[in-house]
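Given next are the chains, with one letter for each unit.
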Amino acid sequence: MTRVLVIGSGVAGTTAALEASARGHDVVLVTKADLAESNTRYAQGGIAVVSTPDDSVESHLHDTLVAGAGLSDTDTALALCSGGPEAVQRLIDRGVRFDRGPDGELAHGLEAAHSHARILHAGGDATGAAIAYALVDRLRDSGVRVLTNRTVVELVTHDGAGTGVRLLDGEVLTADAVVLATGGAGQLFPFTTNPEVATGDGIALALRAGAVAADLELYQFHPTALDGPESFLVSEAVRGEGAVLVDADGRRFMTDVHPDAELAPRDVVARGIAAQMAKQPGTPVRLDATALGATFLARRFPTIDAACRARGLDWSIAPIPVTPAAHYYMGGVRTDSWGRTSLPGLYAVGEVACNGLHGANRLASNSLLEGAVYGIRCVRAIEESPDAEAFDGAWAHVRTAHLGDEPGAGAFTRDDLQQLMWRAAGLARTGDGLREASATLRSWRTPDVTDAKSAEDANLLLLARAVVGSALAREESRGGHYRTDFPTPLDPARHSSIRMDSHA
């Protein structure tokens, strides 16, 4: 029997844990908060999957590759699209109740850059919560040992292989296979759709252990977060149903930016909004969903409808203010299409991983599918050991980076870091801004890890240094990475790979 240790409890982590347990392995799942608290829980739009006769795997693959801005790995993306129907059926078998039409068939929505209405949703706009709670229920019925509110502070290695983790309280958990499923890093930025737990822990842990990470400069900013003191995601599906973006004068402006207007790839829409806000200047643009009507909005998007009304906004009679916010990490711990990292025994799945699937810009609603598909695939890799996949030339160069403190470094606050990252590594970047940010980040001291927050802050600082260094090294614009001083993409497209200097 293999002992499998899973870190994280979103769709990727819970799927991996349930799959491993069902195959008879000894499974321990560790999460630093409540079991249901993850990026998955807050996902609204849905899960993209081929499930109608007029759709095809080839079409889904095409849309994924186009959105990826030339950087997606075709074989990895094909594994997602072809494995989607099985993975979604597994979710249904585990109790996820997707919305259905009057005929009892699954309801399908359309989102940006999809050529078919292939988005399954649950509770209207509460798909992530439906998946999270259903899988948590199955975990409680399984033989998986669950440890909640436990912070992992170190990956334990022996002879270059992952063998376990050390927790904040000093306890060491050993395993034959360690699966990182810790999600993204939206807390690098002050404006994000991610919950507070999204602090890049898995990537930082893997870097310190000597693993290779990739494409850390590639962060997706969702175009439409409700503007206000607390960012709140307004799903892509709202625009898929017909809502439009208007400027301060009520004029629709995305038609001047891209032929697909509001349904262009997310990086295009986000930058279009940012450019319009600069012209206004700084005033949020507005999302006009009034043509959809109060009854439809309340039924199709109950979560967003309630959030708007709680803020005193009635989006059925007036457009609502929206602004871009950090949403999804295309970069992460480098893996192959089975979730294997550069360290034997260490796997990474979901948003913490970078397998080339999303390229430079994730296609809407491929994220939940990724967790479901690759949660299954990584367990198959642990059990069946498929042949190792060599990375091609697009991944060839691995840059070694010094990510440690400078002598005499001083203290920082999380707000300091977030504001700096928004200015220097947000939607638009420049070489000068990135160099200044790099110097500032190096002048800050890594905090002593004494509690969960200080562990998170240490991870955020390490990751911020890696992000800024990678953004400085990529002298082109591609997908979620936009350099005003290098506005065009390079040919051929290449991934960026980074390993932490062991002497740092």
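Residues numbered from 1 in each chain as written. Predicted model: local features only at pLDDT ≥ 70, side-chain atom pairs only at ≥ 80, totals over all residues. Heavy atoms only, no water.

1. Some remarks on the packing of helix α1 (residues 11-22) against helix α11 (residues 367-384)
Following both chains from N to C, one finds α1 and α11 inclined at 30°, their axes separated by 8 Å at the closest point. Judged on the interaxial angle alone, α11 and α1 are roughly parallel. In this structure, α1 meets α11 at a crossing whose hand is right-handed. Residue-level inspection shows Val11, Ala12, Thr15, Ala16, Glu19 and Ala20 of α1 in contact with α11, the latter providing Leu368, Gly371, Ala372, Gly375, Ile376, Cys378 and Val379. Its residues assigned to classes, the contact of α1 with α11 shows nine nonpolar, three polar and one charged. (Axes fitted to C-alpha atoms, helices over the stretch in contact; angles between N-to-C directions. Helix = DSSP H or I, 4+ residues; strand = E, 2+ residues; numbered from the N terminus. Parallel < 35°, antiparallel > 145°, perpendicular 65-115°, else oblique. Left-handed = near helix turned anticlockwise from the far one by under 90°. Contact = heavy atoms within 4.5 Å. Nonpolar A, V, L, I, M, F, W, Y, C, P; charged D, E, K, R; others polar.)

2. Topic: the UniProt feature "domain: FAD-dependent oxidoreductase 2 FAD-binding" (unreviewed entry) in the protein
Following the UniProt record, the feature "domain: FAD-dependent oxidoreductase 2 FAD-binding" (unreviewed entry) maps to residues 4-368 here. Across residues 4-368, helical content stands at 29% and strand content at 20%; the span's end C-alpha atoms are separated by 22 Å. (UniProt positions renumbered as here; feature names shortened; annotations may be inferred.)

3. Here's the deal with the side chain of Asp73
With respect to the secondary-structure elements, Asp73 resides in the loop between α3 (57-67) and α4 (74-93). Buried charged residue Asp73 carries no salt bridge. Nearest counter-charge: Arg377, at 9.1 Å. Separated by 3.3 Å, the side chain of Asp73 and the backbone nitrogen of Asp75 make a polar contact. A distance of 2.7 Å separates polar atoms of two side chains, one belonging to Asp73 and the other to Thr76. Asp73 has contacts with Asn355, Gly356 and Trp395, leaving out every residue within four places of it along the chain. (Buried < 20%, exposed > 50% of the residue type's maximum accessible area, 1.4 Å probe, protein only. Lys, Arg positive; Asp, Glu negative; His and termini not counted. Salt bridge = Lys/Arg side-chain N within 4 Å of Asp/Glu carboxyl O. Polar contact = N/O pair within 3.5 Å; in protein donor to acceptor, adjacent residues only side chain to side chain.)

4. A short note on α4
If you check α4, its first and last C-alpha atoms are 29 Å apart, about what 20 residues at 1.5 Å a residue would give, namely 28 Å. Residue Gly84 marks the point of greatest curvature in α4, where the axis turns by about 50°; the proline Pro85 follows within four residues. Thr76, Ala77, Ala79, Leu80, Cys81, Gly83, Gly84, Ala87, Val88 and Leu91 are the residues of α4 that are buried. Those residues of α4 that are buried lie in contact with β3 (47-48), α3, β4 (119-120), α5 (127-141) and α11. The opening residue of α4 is Asp73, an N-cap whose side-chain oxygen sits 3.3 Å from the backbone nitrogen of Asp75. Gly95, located one to two residues past α4, shows a positive phi value of around 105°. (Expected span 1.5 Å × (residues − 1). Bend = angle between axes of the 7 residues up to and from the residue.)

5. What about the nonpolar core?
Buried together is how nonpolar side chains tend to be arranged in soluble globular proteins. Ranked by internal contacts, the top residues of the largest apolar core, which has 59 residues, are Leu216 and Leu417. The leading source of residues in this core is helix α14 (residues 452-473), at nine residues. Contacts of Leu216, omitting those with residues within four sequence positions, involve Ile203, Leu207, Tyr329, Gly331, Gly332, Leu463, Ala466, Val467, Ser470, Ser496 and Ile498. Ile131, Ala181, Trp338 and Ala372 belong to the second largest nonpolar core, which has 51 residues in total. (Core = buried A, V, L, I, M, F, W, Y, C linked by side-chain atoms within 4.5 Å.)

6. Things to note about empty space enclosed by the protein
Taken as a whole and judged by the stated rule, the model has three cavities of 30 Å³ or more. By volume, the largest cavity is sized at about 60 Å³. Around the largest cavity sit Tyr219, Gln220, Phe221, Asp267, Ala270, Arg271, Asn361, Leu427, Gly479 and Gly480, which together line it. Put simply, the parts of the chain that give the lining of the largest cavity at least two residues each are β11 (219-226) and α8 (266-279). When its residues are assigned to classes, the lining of the largest cavity shows four nonpolar, four polar and two charged. A volume near 40 Å³ is recorded for the second largest cavity. (1 Å grid on protein atoms, 1.4 Å probe; cavity = no way out; pocket = protein on both sides within 12 Å on 5 of 7 lines; lining within 4 Å. Points joined across faces, edges and corners; volume = space filled by probe spheres on them.)

7. Structural notes on the environment of Tyr133
Among the structural elements, Tyr133 can be located in helix α5. With a relative accessible area of 40%, Tyr133 lands in the partly exposed category. Each C-alpha atom, one on Tyr133 and one on Val11, is 9.9 Å from the other, the two residues being 122 residues apart in sequence. Not counting chain neighbours up to four residues away, the residues in contact with Tyr133 comprise Ala36 and Arg41.

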